[in-house]
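The residues making up each chain are set out below.
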Amino acid sequence: MAGSRQERGAAEWAAGAMALGSAALLWACAGPGRDAGDPAPRQATPLELALMALPIELDPARWQLVSQGSPLPPVPADPTNRVADDRRAALLGRALFFDPRLSDDGQTSCATCHVPELGFDDGEVHRVAPGDHLRRTPGLLNVGHLRWLGWDGRKDSLWSQALGPLEAAREQNTSRVHVVRTVLADPDLAAALEAVFGPLPALEGLDRADEHARPVWHDADHPLSQAWAAMDPELRREVDQVFVYVGKALAAYERQLVSGPAPFDRFVAAVQSGDRQAARLLEPAAEVPSPAAPDSTTALERDAALDLGGARNPSALRGLELFFGRANCHTCHNGPLFTDYEFHDTLLPFEDDGRPDRGRHLGIELVREDPFGGLGEYSDDPDASGAQKLRFLPRRPHQYAEFKTPSLRDLGPGPYMHRGEFASLGEVLRHYNTLAGARRNAHGGEAILVPLDLDEGQLADLEAFLLSLRGAAPPLELWGPPSRAELRQLAD
């Protein structure tokens, strides 16, 4: 059997190499049948041998697609936020992230919905404005890599997105006036803010401003909008500026929420190095902890829990073969984050309680009007290449009811999809396996998705592969606020 496997692998590799325009692989040995002037046969490379040793079929072209998924690169720069990678800003942002005082009831913080023990997720579905539509809470692991934030892409930067929940009625339900007052009333937070961003504006009259004043989108007659409009224009601008500082500090912290290597990453690295036993690395242990297992004590121990020990099941390898092959999942879920960062018709109902959910079509309207967008006055580089995506951002009818392709790395607890339609990964896969009851966009949208038509065993294989994309959690020090002593050191 071993000899047969070697011969079959050689033939497949020859075909794959020719498909790529490479020289044919020559496996013949020197002997009487070879002319003296013939070149010596080329030896297979370590990578080729490692791929031939796998119990699945991966030709060179297919391996290129697989290898593009690893490793996870560093978080890209954000030129619109000059403190994006400032460790002091991240420490301040961590304090703000866990501070429930930045809410109307004094009990709700960012961590209320982005629970560290659940991979900075909460597995819940909430209603969001405008539109009051259902939305699944997105996890924050690796969020610094995303081009657009929100299921409809209504925000173009992480710092702008961080400001939204603070004033959202169904989230922290506070106002920028309250946030600024609260931060400046805390000597440690105020000193840290000034240490990171420099001298703060005068904010004259802030103590007399309405505590709840804030603009309400497209509703100038709303009492909160009227209270905001009644404030001095210079004070409004200064409040916005300090409010933006809060968002940029929060973003600096959230950019640190990066997951560690997953079994898939170890598998790809092993194959690339020529390890013929690489298949053993893809399979997670029989009991795979969540990315942020609460009983783990160190990042090293959490990583070890996903490493080589435990019972193995070869289904994740078969799932990989399907993902990058017959199932064509990689068409939209590709690259290190397993997303194309774009928006698609997910073939799910796009009405909520009889009301149309416009998805990306509304998201483009919101991001264009956002005063905290990459092209606005609070951007640290409005002419940066990162802001160019707003200058030429079109809005077309086919974007109606399109939603963002989610990353498949470090999938948190269910439910899944933008409205939490499915309780488990198995339900998601079964939906796309048949597309029973699917509803296509009536506004001339794309037609990429077709039924997978897989059997139950193959669906289980795909799910096993998705679990192999779960990596180690961020360091435990990021799971809670810094101490007051750490915060005070920022001002020293």
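Residues numbered from 1 in each chain as written. Predicted model: local features only at pLDDT ≥ 70, side-chain atom pairs only at ≥ 80, totals over all residues. Heavy atoms only, no water.

Trainee: Looking at this structure, I do not really get helix α11 (residues 263–272). What am I missing?
Mentor: Quick reminder: α-helices carry 3.6 residues per turn. Residues three or four places apart thus point the same way. Counting buried residues in α11 gives 8 out of 10 residues, a clear majority hidden from the surface. Turning to α11, its buried residues number three or more, namely Pro 263, Phe 264, Asp 265, Arg 266, Phe 267, Val 268, Ala 270 and Val 271. Positioned one or two residues after α11, Gly 274 has a phi angle of 95 degrees, which is positive. (Buried < 20%, exposed > 50% of the residue type's maximum accessible area, 1.4 Å probe, protein only. Helix = DSSP H or I, 4+ residues; strand = E, 2+ residues; numbered from the N terminus.)

Trainee: Looking at this structure, how should I read helix α4 (residues 87–97)?
Mentor: Among the 11 residues of α4, 9 are classified as buried, and the element is accordingly described as predominantly covered. Within α4, the full set of buried residues consists of Ala 89, Ala 90, Leu 91, Leu 92, Gly 93, Arg 94, Ala 95, Leu 96 and Phe 97. Buried residues along α4 sit in contact with α5 (110–113), α7 (176–185), α8 (187–197), α10 (233–254) and α19 (484–489). If you check the start of α4, you find a side-chain oxygen 2.7 Å away from the backbone N of Arg 88, and it comes from Asp 86. (Contact = heavy atoms within 4.5 Å. Polar contact = N/O pair within 3.5 Å; in protein donor to acceptor, adjacent residues only side chain to side chain.)

Trainee: Please explain the packing of aromatic side chains as it appears in this structure.
Mentor: Think of a pair of aromatic rings as described by two things: how far the centres are apart, and how the planes are tilted against each other in angle. The final tally for this structure, using the stated rule, is 16 aromatic pairs. Judged by centre distance (5.4 Å) and plane angle (75 degrees), the ring pair of Phe 264 and Phe 338 falls under edge-to-face. Here Phe 338 lies in the loop between α14 (315–323) and β3 (343–345) and Phe 264 lies in helix α11, a separation of 74 residues in the sequence. Across the pair, Phe 338 and Phe 264 agree in class, each one buried. Cluster of aromatic residues (ring-pair linked, three or more members): Phe 264, Phe 323, Phe 324, Phe 338 and Phe 465. Against the face of Trp 228 rests Arg 176, its NZ or CZ located 5.3 Å from the ring centre. Here the basic side chain of Lys 248 rests over the ring of Trp 159, its NZ or CZ set 4.7 Å away from the ring centre. (Phe/Tyr/Trp six-rings, centres within 6.5 Å; stacked < 30°, edge-to-face > 60°. Lys NZ or Arg CZ within 6 Å of the ring centre and 35° of its normal.)

Trainee: Can you help me understand the environment of Trp 159 in this one?
Mentor: For Trp 159, the position within the fold is in helix α6 (residues 158–167). Between the C-alpha atom of Trp 159 and that of Glu 254, which follows or precedes it by 95 residues, the distance is 9.2 Å. Look past the residues within four positions of Trp 159 in its chain and what remains in contact with it is Asp 78, Thr 80, Asn 81, Val 244, Gly 247, Lys 248, Ala 251, Phe 372, Gly 373, Tyr 378 and Ser 379. Of the polar contacts made by the side chain of Trp 159, one reaches the side chain of Ser 157; its length is 3.2 Å.

Trainee: Explain the side chain of His 330 to me, please; I cannot follow it from the model alone.
Mentor: Structurally, His 330 can be placed in the loop between α14 and β3. Given a relative accessible area of 13%, His 330 falls into the buried group. Of note is the side chain of His 330, whose polar atom sits 3.3 Å from the backbone oxygen of Phe 323. Setting aside anything within four residues of it in sequence, one finds His 330 in contact with Arg 62, Leu 65, Phe 323, Phe 324 and Gly 325.

Trainee: Would you mind going over the packing of helix α3 (residues 60–67) against α11 with me for this structure?
Mentor: Contact geometry for α3 and α11: axes closest at 11 Å, N-to-C directions at 135 degrees. Here α3 lies oblique to α11, going by the angle between them. The handedness of the crossing between α3 and α11 comes out as left-handed. Where α3 abuts α11, its residues Trp 63, Val 66 and Ser 67 lie against Phe 264, Phe 267, Val 268, Val 271 and Gln 272. Across the contact of α3 with α11, the residue classes tally to 6 nonpolar, 2 polar and no charged. (Axes fitted to C-alpha atoms, helices over the stretch in contact; angles between N-to-C directions. Parallel < 35°, antiparallel > 145°, perpendicular 65-115°, else oblique. Left-handed = near helix turned anticlockwise from the far one by under 90°. Nonpolar A, V, L, I, M, F, W, Y, C, P; charged D, E, K, R; others polar.)

Trainee: Quick question: what am I supposed to make of the nonpolar core here?
Mentor: For soluble globular proteins, the rule of thumb is that nonpolar side chains tend to be buried together. Counting 58 residues, the largest nonpolar core has Leu 92, Leu 96, Phe 97 and Val 239 as the members making the most contacts within it. The dominant element in this core, judged by the number of residues it contributes, is α10, at 12 residues. When neighbours within four sequence positions are excluded, Val 239 is seen to be in contact with Arg 176, Val 177, Val 180, Leu 203, Leu 206, Trp 228 and Met 231. Counting 44 residues, the second-largest nonpolar core is a separate cluster that includes Val 271, Leu 317, Leu 320 and Phe 465. (Core = buried A, V, L, I, M, F, W, Y, C linked by side-chain atoms within 4.5 Å.)

Trainee: Hey, could you run me through the packing of α6 against α10 in this one?
Mentor: Angle between the axes and distance between the axes: these two values describe a pair of packed helices. Here α6 crosses α10 at 115 degrees, and the two axes come no closer than 7 Å. As far as their axial angle goes, α10 and α6 are roughly perpendicular. Where α6 crosses over α10, the two elements pack in a sense that is right-handed. Taking contact as the criterion, the partners of Leu 158, Trp 159, Ala 162, Leu 163, Leu 166 and Glu 167 in α6 are, on α10, Phe 243, Val 244, Val 246, Gly 247, Lys 248, Leu 250, Ala 251 and Glu 254. Here the residues of the contact of α6 with α10 sort into 10 nonpolar, 1 polar and 3 charged.

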